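Notes for the structure review
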Amino acid sequence: MGGCLPHDSDWQDCLVEAVRSPAELCGLLGLPAARVGEMELAAADFPMLVPRAWLGRVRRGDLADPLLRQVLPTVEECRPVDGFTADPLAESRAACSAGLLKKYQGRALVVATPTCAVHCRYCFRRHFPFDRLECESGRLAAALAAIDADASIAEVILSGGDPLMLADDRLAGLAQALERIEHVRRLRIHTRMPIVIPQRVTPSLVGVLRATRRAVIVVVQVNHPAEIDQHVAAALERLVDAGIPVLNQSVLLRGVNDRAEVLESLCRRLVDLRVLPYYLHQLDRVAGAAHFEVPEQEGRALVKALRARLPGYAVPRYVRETPGQTAKEPLA
Ligand SMILES: *Cc1c(COP(=O)(O)O)cnc(C)c1O
Ligand code: SF4
């Protein structure tokens, strides 16, 4: 495992070369060309974006592949369903133009960048009004000023989008600016990048994360064990070996991880890699994602099955996010 260590140009090339056209995707994976039209329609307001590193883990010719399902635009997204809305968490009201969300005591979430390396079709921010955010430098300066002015903020969560879309010098600048604010003790990074483009975890990135005197915690998102190939395992290992706690959150998704065997094998694989399962999220009811929803009752039964099969620390907390609550709401 491991092999040669990745350079900056590797992940940047992966971004440039990502697959953005449904026709190309169908060609690469041997999927029926007749489906291209519907995929293009579904991708109209939330474009398809899939890095080739991800495609390498997808089974050819199988529309039901659990990894493909997460990224493939389908006609089901176009169907309006009652209760599924553009902004299920009422975030656009909570977020000021600075892209700073302070919903929970002691923690503030910063939209470090609106972009991601992959477009997950179930994403609750798929309709987020990112275009209303100020440009990056002005926005981050405003966010830092707001954090500086609020001594109750002990933890800053870099989110997005995906904060690891920022180049290392931008991240280092952000980490240094936060380090200068005395009351900020912890820096948390919510990212899917080590999973979708594991080449992002370069020695230089690890160096940036280790350089800050604040505690750094990385929270990744893996939904299915097949997402973890040897390159992803090596990337996670580089983070953990550097002494950085790595946690995982998953979203409970129909047709992806809605069986106890799948979740069990995911949790085992994670703890074997020294990554702790943190949350299993009930799907946020965002328009276009209704076909991914698993009823809560079924979710509870799945978590109960996990508890019977795994050590306590390997069982994620099953939670739902409800607007107006002071914390994520436990469901099991
Ligand atoms: C989920 C979330 C957090 C972090 O919550 P934890 O339970 O500490 O992981 C903080 N702010 C916002 C806006 C969130 O959505
Ligand atoms: S990486 Fe996260 S923010 Fe980006 S599309 Fe996927 S779920 Fe949404």
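Definitions and limits used
Residue positions are given per chain, counting from 1 as you read along its sequence in written order. Chains carry letters from A onward and ligands carry numbers from 1 onward, assigned in written order. For a predicted model such as this one, the threshold for reporting local features is a pLDDT of at least 70, and the threshold for listing and counting side-chain atom pairs is 80 or more; totals across whole chains, interfaces and linings nevertheless cover every residue. Side-chain measures here rest on the full set of heavy atoms in the structure, leaving out hydrogens and waters. Here a residue counts as near a molecule or strand whenever at least one of its heavy atoms sits within 4 Å of it. Under the scheme applied here, ten amino acids are nonpolar (Ala, Val, Leu, Ile, Met, Phe, Trp, Tyr, Cys and Pro), four are charged (Asp, Glu, Lys and Arg), and all others, including Gly, are polar. Any pair of nitrogen or oxygen atoms within 3.5 Å is treated as a polar contact; in protein, a donor-acceptor pairing is required on top of that, and neighbouring residues in sequence qualify only through side-chain atoms on both sides. Accessible surface is estimated by sampling points in the Shrake-Rupley manner with a 1.4 Å probe; for residues, cover comes only from the protein chains shown. Put simply, DSSP marks the helices as runs of H or I at least four residues long and the strands as runs of E at least two long, and each gets a number from the N terminus on. To qualify as a nonpolar core, a set must consist of buried Ala, Val, Leu, Ile, Met, Phe, Trp, Tyr and Cys residues joined through side-chain atoms within 4.5 Å. Partly exposed residues are those whose accessible area sits between 20% and 50% of the maximum for their type, while under 20% is buried and over 50% is exposed, using a 1.4 Å probe and protein chains only. Every residue pair with non-hydrogen atoms within 4.5 Å of one another is taken to be in contact. Lines are fitted to the C-alpha atoms to define the axes, a helix being fitted only along its stretch in contact, and any angle between axes, read from their N-to-C directions, falls within 0 to 180 degrees. These descriptions rest on fixed angle ranges, namely under 35 degrees for roughly parallel, over 145 for roughly antiparallel, 65 to 115 for roughly perpendicular, and the rest for oblique. Take the far helix as your reference; a near helix turned counterclockwise from it by less than a right angle gives a left-handed crossing, and one turned clockwise gives a right-handed crossing. Here, strands pair whenever DSSP counts at least two bridges between them. Whether a crossover is right-handed comes down to one check: with the strands pointing away from the viewer, does the path from the first strand over the helix to the second run clockwise; if it does, it is right-handed.

All right, on to the site of ligand 2 then. Taken together, the residues surrounding ligand 2 are C116, V118, C120, C123, R192 and Q221. Class assignment for the residues of the shell around ligand 2 results in four nonpolar, one polar and one charged.

To continue, consider unusual backbone geometry. Residues other than glycine predominantly adopt negative phi, and peptide bonds predominantly adopt the trans conformation. Following G160, the chain continues into G161 via a peptide bond in cis, with omega recorded as 10 degrees. Here R274, not a glycine, exhibits a phi torsion of approximately 65 degrees, which is positive.

Quick look at the site of ligand 1 now. In the region of ligand 1, the neighbouring residues are K103, Y104, R107, L109, I157, R188, Y278, Y279, E321 and K328. In the environment of ligand 1, an oxygen atom lies 3.1 Å from a nitrogen or oxygen atom belonging to the side chain of E321. In isolation ligand 1 offers 380 Å² of accessible surface; the protein chains occlude 91% of this area. Listing elements by their share of the shell around ligand 1, those giving two or more residues are β2 (107–113) and β7 (276–281). Of the residues in the shell around ligand 1, the class split is five nonpolar, no polar and five charged.

To continue, consider the nonpolar core. Ranked by internal contacts, the top residues of the largest apolar core, which has 84 residues, are I147, V156 and V218. Excluding residues that lie within four positions of it along the chain, V218 makes contacts with I189, T191, L209, L239, I244, P245, V246 and L247. A260, C267, L280 and V294 belong to the second-largest nonpolar core, a separate cluster that totals 15 residues.

With that settled, consider the packing of helix α7 (residues 136–148) against helix α8 (residues 168–179). Two numbers describe how α7 lies on α8: the axes approach to 11 Å, and their chain directions differ by 20 degrees. By the angle between their directions, the pair α7 and α8 is classed as roughly parallel. Crossing hand, α7 versus α8: right-handed. Where α7 abuts α8, its residues E136, L140, L144 and I147 lie against R170, L174, A177 and L178.

A few words on the sheet that holds strand β3 (residues 155–160). Judged by pairing direction, the sheet is mixed, and its nine strands sit side by side in the order β1-β2-β3-β4-β5-β6-β7-β8-β9 without closing on themselves. On the outer flanks of this sheet lie β1 (100–101) and β9 (329–330), each paired with one strand and no other. Inspection of the sheet shows strand β8 (residues 317–320) paired to β9 by two bridges, in the antiparallel sense. Across the sheet, the residue bridging to R320 is E329, located in β9. Across the sheet, α7 is in contact with β1, β2 and β3; its angle to β2 comes to roughly 170 degrees. Packed on one face of the sheet, helix α12 (residues 260–272) meets β6 (246–251) and β7 and runs near 145 degrees to β7.

Here we come to the pairing of β7. With five of six residues buried, β7 lies mostly within the body of the structure. Relative to β7, β6 runs parallel, the two sharing five bridges. The partner of S250 across the bridge, within β7, is L280. In this region the chain leaves β6, passes through α12 and returns to the parallel neighbour β7; the handedness of that crossover is right-handed. Pairing geometry for β7 and β8, over three bridges, is parallel. From the neighbouring strand, H281 faces β8, where its bridge partner is V319. In this fold, β7 hands off to helix α13 (residues 296–309), which returns the chain to β8; that crossover is right-handed.

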